[in-house]
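# Coordinates in review
Letter by letter, the chains look like this.
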Amino acid sequence: MPSELAPLQIACPSCDEKGCEFCDNEGWLKITQCPQSEFEVNMMEFLELADFAKQGSFPIIGGTLDQSKSFLTACRFLWSEEAKAENQEWSKNNG
Ligand SMILES: [Zn+2]
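## Quick look at the overall build of the chain
When its secondary structure is counted, the chain shows two helices and two strands. In the chain, the order of α-helices and β-strands from amino to carboxyl end is β-β-α-α. Taken over 95 residues, the chain has a buried fraction of 15%. Restricting the contact set of the chain to residue pairs at least 6 apart, pairs at least 24 apart contribute 47%.

Rendered as structure tokens:
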């Protein structure tokens, strides 16, 4: 699990490490704790919310900018992990 002492860094999926508003121009996101604990819902609830968010339906009424940053960070983290898993699956089948 990531922590303050051993943060997990992932390339910002928004800007591809170029720096943008979402990542505070860092080009990467620092995860210092379990994405789940960042906003105190259980993992199943989060996965459900993230799934809705992926389809454009966010838990808070409004657009992407109205969502809490921690929720978006957690979503992005989840989606990048999902994409990685999909890529691995793809290379397995096509490599
Ligand atoms: Zn960025």
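## Section: the environment of Pro 7
One can find Pro 7 in the segment before strand E1 (8–11). Separated by 22 residues in the primary sequence, Pro 7 and Leu 29 place their C-alpha atoms 9.6 Å from one another.

## As for unusual backbone geometry
Despite not being glycine, Asp 16 shows a phi value in the positive range, around 60°. Here Asp 16 shows up in the loop between E1 and strand E2 (28–31). The backbone of Glu 17 shows a phi angle near 70°, a positive value even though the residue is not glycine. Along the chain, Glu 17 turns up in the loop between E1 and E2. Judged by the 13 C-beta atoms lying within 10 Å of it, Glu 17 is partly exposed.

## Thoughts on the nonpolar core
One finds Phe 46, Leu 49, Ala 50, Ala 53, Phe 71, Ala 74, Cys 75 and Phe 77 forming the largest nonpolar core, which totals eight residues. Put simply, the parts of the chain that give this core at least two residues each are helix H1 (43–54) and helix H2 (69–94).

## Considerations on H2
Taking 1.5 Å of rise per residue, the 26 residues of H2 would be expected to cover 38 Å, and the 36 Å separating its terminal C-alpha atoms lies within 8% of that figure. Within H2, the full set of buried residues consists of Phe 71, Thr 73, Ala 74, Cys 75, Arg 76 and Phe 77.

## Quick look at the confidence of the model for the chain
Mean pLDDT over the chain: 74, with 71% of residues reaching 70 or higher. Predicted confidence in the chain is weakest over H1, with a mean pLDDT of 74, and strongest over H2, with 81.

Analysis parameters
Residues numbered from 1 in each chain as written. Predicted model: local features only at pLDDT ≥ 70, side-chain atom pairs only at ≥ 80, totals over all residues. Helix = DSSP H or I, 4+ residues; strand = E, 2+ residues; numbered from the N terminus. Buried ≥ 20, exposed ≤ 12 C-beta atoms within 10 Å, placed from the backbone. Contact = placed C-beta atoms within 7 Å. Core = buried A, V, L, I, M, F, W, Y, C linked by C-beta atoms within 7 Å. Expected span 1.5 Å × (residues − 1). pLDDT = per-residue confidence, 0-100.

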